[in-house]
Amino acid sequence: LLGVSDQIQVDHALTAAAKGGQIEVVEMLISTGRVLDISEALSAACSIQNYAIIDELLAIKGETGEALIAAAKAGDLHLVEKLLIRESKNSLRHKNFEGKDALMIASENGHTLVVQKLLDYKASPETQDDLGKTALMYSIENNQYKVAKVLMKFHSEGSRTMFSLITTDGKN
């Protein structure tokens, strides 16, 4: 059995290999049969759009939620769509350590096309994170008004009123 520090080193090595695009190292670490925490490695692979490594990592653990959040953060529409086709229902509900889902992440980063794709796959704009914030709130806080306008089409009347007040207050 690996000790905790050994496991952390293996997980760090996996992340470094994914970030460096070193698919051979990723495959070697996977082949050891150890239980791996792939969330950071998925994020790294998504950030460099290395689909071969992403596929390898997802083959270990079918859960696509972490990858969807990383792809939403990167604004990678192609990967978002690929992951949604693979497993949309569970992926859309997945939240990161802050309680944010992929829609919130894409909204705060201004990735309008990704937001639209997530909404097309039935992501809920009413979902709240651990602080009670929605994707719409994140888009407004980060001055992502194009994203906010897309979200408004799917939001409740109360949220639309709030957005109208904010954007007519000279802050658009």
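Above this note sits the structure.
These figures come from a predicted structure and were not determined experimentally.

Asker: Explain unusual backbone geometry here, please?
Answerer: Of note, Lys122 is a non-glycine position whose phi angle comes to about 75°, a positive value. In this fold, Lys122 is placed in the loop between helix 8 (112–120) and helix 9 (135–141). Given a relative accessible area of 70%, Lys122 falls into the exposed group.

Asker: Honestly, the packing of helix 3 (residues 39–47) against helix 4 (residues 51–60) in this entry has me stumped. Any pointers?
Answerer: For the pair helix 3 and helix 4, interaxial distance at closest approach is 9 Å and the crossing angle is 160°. One finds that helix 3 runs roughly antiparallel with respect to helix 4. Judged by the sense of rotation from one axis to the other, the crossing of helix 3 with helix 4 is left-handed. Packed against helix 3, whose contacting residues are Ala41, Leu42, Ala45 and Cys46, the element helix 4 presents Ile53, Ile54, Leu57 and Leu58 at the interface.

Asker: What's the story with the pattern of salt bridges in this structure? I'm lost.
Answerer: Opposite charge on two side chains allows them to pair when their charged atoms are near. Under the counting rule described, the total for this entry stands at five salt bridges. Between Glu141 and Lys133 there is a salt bridge, with its nearest N and O atoms 3.0 Å apart. Judged by relative accessible area, Glu141 falls into the partly exposed class, the value being 46%. What makes Lys133 partly exposed here is its relative accessible area of 23%. Through salt bridges with shared partners, a single network forms among Glu98, Lys100 and Glu108.

Asker: When you look at the side chain of Ser91 in this model, what are you seeing that I'm missing?
Answerer: Tracing the sequence through the fold places Ser91 in helix 6 (residues 77–93). The exposure class assigned to Ser91 is buried, which follows from its relative accessible area of 0%. Contacts of Ser91, omitting those with residues within four sequence positions, involve Thr64, Gly65, Leu68 and Leu83.

Asker: Even after reading the chapter, I still don't get the packing of helix 3 against helix 5 (residues 65–74), so can you show me in this structure?
Answerer: How two helices sit against one another is set out by the angle between their axes and by the gap between those axes. One way to put it is that helix 3 packs onto helix 5 with a least axis distance of 9 Å and a crossing angle of 35°. Judged by the twist between their axes, the crossing of helix 3 over helix 5 is right-handed. Here Ser39, Leu42, Ser43 and Cys46 of helix 3 lie close against helix 5, whose contacting residues are Glu66, Ala67, Ala70, Ala71 and Ala74. Considering only residue class, the contact of helix 3 with helix 5 consists of six nonpolar, two polar and one charged.

Rules behind the numbers
Residues numbered from 1 in each chain as written. Predicted model: local features only at pLDDT ≥ 70, side-chain atom pairs only at ≥ 80, totals over all residues. Heavy atoms only, no water. Helix = DSSP H or I, 4+ residues; strand = E, 2+ residues; numbered from the N terminus. Buried < 20%, exposed > 50% of the residue type's maximum accessible area, 1.4 Å probe, protein only. Axes fitted to C-alpha atoms, helices over the stretch in contact; angles between N-to-C directions. Parallel < 35°, antiparallel > 145°, perpendicular 65-115°, else oblique. Left-handed = near helix turned anticlockwise from the far one by under 90°. Contact = heavy atoms within 4.5 Å. Salt bridge = Lys/Arg side-chain N within 4 Å of Asp/Glu carboxyl O. Nonpolar A, V, L, I, M, F, W, Y, C, P; charged D, E, K, R; others polar.

Remember that the coordinates give geometry; whether it matters functionally is a separate question.
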